[in-house]
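Letter by letter, the chains look like this.
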Amino acid sequence: ASAPQDAYNTTNGGLNWTNVHNFGVIIWSLTCEPNGTIYCGGPYGTIYKSTNEGISWDKVFNLRPPGWNTFTGEALAYSNGYIYAGFGTIGMFRSSDHGNSWENINEGILNNKITCMAVQQGNRVFAGTMDGIQLTTNGGQTWESVKTAFPMTFMRVDFADDKNGVIVGYQGTILRSNDRGRTWTKKNRESNENLYGLYFTKKYGWAVGVSCKKKKK
């Protein structure tokens, strides 16, 4: 788990947590490989990697072009031997050698501001952007747009199983798909909050966010 600047681990199913590392910078995203290797995304295009359960970390990606000082590692995901890294302004990258090298894979992505990612069975990876949803079925070689018919900023996408998925975004917007993400329908709003987090188990789903109402003076 990651907090604004720290990494935590648990060995008893989440009952207790131990602070194992302080990065000194804000951490935006987290993913793991099946072998236990952990990756975290930070500011200025930085990705950190740990092979010892988060005790120590190495920088494995640090792309900071001249003039760019605000983009972050917004989204990380692992699928079929690839680590995917989506950034706030420069699009998508992937690594096939455990983070040692990275390549840009923006072909077909219409908006380089990546906000979230979700992995589905069958090498299907969804990426949320400021303008819509992108999908790759060939390891990121190419991306196609997924029509949602609802222009919005997508903040999280997740799948409860192989067919059923949910997207959340600003002002309580929730979209649902029951055909592996091919089409999406808008659900009635239960809240006007900006929704940033989403997670599913086989039985339950959670969405979390913050109020978008302006405080009265």
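For the structure, see preceding data.
Okay, so let's go over this structure. (Residues numbered from 1 in each chain as written. Predicted model: local features only at pLDDT ≥ 70, side-chain atom pairs only at ≥ 80, totals over all residues. Heavy atoms only, no water.)

**Topic: the packing of aromatic side chains**
Line of reasoning, step 1. One pass over the structure, following the stated rule, counts nine aromatic pairs.
Line of reasoning, step 2. Centroid distance F61 to W102: 5.3 Å. Interplanar angle 75°. Geometry classified as edge-to-face. Taken together, the positions of F61 in strand β6 (residues 58-62) and W102 in the loop between β9 (91-95) and β10 (103-104) put the pair 41 residues apart, joining distant regions of the chain.
Line of reasoning, step 3. Classification of F61 by relative accessible area gives buried; the value is 8%. (Phe/Tyr/Trp six-rings, centres within 6.5 Å; stacked < 30°, edge-to-face > 60°. Helix = DSSP H or I, 4+ residues; strand = E, 2+ residues; numbered from the N terminus. Buried < 20%, exposed > 50% of the residue type's maximum accessible area, 1.4 Å probe, protein only.)

**A short note on the nonpolar core**
Line of reasoning, step 1. Core analysis: the biggest nonpolar cluster contains 12 residues, these being C116, A118, F126, I133, L135, V146, F154, V157, F159, I167, L175 and W184.
Line of reasoning, step 2. Put simply, the parts of the chain that give this core at least two residues each are β11 (114-120), β13 (133-136) and β15 (154-159).
Line of reasoning, step 3. Per element, the largest residue contribution to this core is three residues, and it comes from β15.
Line of reasoning, step 4. Apart from residues lying up to four places away in sequence, I167 is in contact with I133, F154, R156, V157, T173, I174, L175 and W184. (Core = buried A, V, L, I, M, F, W, Y, C linked by side-chain atoms within 4.5 Å. Contact = heavy atoms within 4.5 Å.)

**Structural notes on the pattern of salt bridges**
Line of reasoning, step 1. Taken as a whole and judged by the stated rule, the model has two salt bridges.
Line of reasoning, step 2. Ionic pairing is found between R94 and E103, a salt bridge with its closest N-O pair at 2.8 Å.
Line of reasoning, step 3. Looking at E103, the relative accessible area reads 36%, which means it is partly exposed.
Line of reasoning, step 4. Close ionic contact of D162 with R180 constitutes a salt bridge, the shortest N to O distance being 3.5 Å. Taken together, the residues span a long stretch of sequence, with D162 in the loop between β15 and β16 (165-169) and R180 in the loop between β17 (174-177) and β18 (185-186) at a distance of 18 residues. (Salt bridge = Lys/Arg side-chain N within 4 Å of Asp/Glu carboxyl O.)

**A few points about the sheet that holds β15**
Line of reasoning, step 1. Taken in spatial order, the four strands of this open sheet run β15-β16-β17-β18, and their pairing is antiparallel. Strands with a single pairing partner mark the edges of an open sheet, and in this sheet they are β15 and β18. (Pairing = 2+ DSSP bridges.)

**Topic: the environment of I83**
Line of reasoning, step 1. Mapped onto the secondary structure, I83 falls in strand β8 (residues 82-87).
Line of reasoning, step 2. A relative accessible area of 1% places I83 in the buried class.
Line of reasoning, step 3. C-alpha separation for the pair I83 and H98, spaced 15 residues apart in sequence, amounts to 7.2 Å.
Line of reasoning, step 4. Not counting the four nearest positions on each side in its chain, I83 is found in contact with E33, Y39, A77, Y78, F93, R94, S95 and W102.

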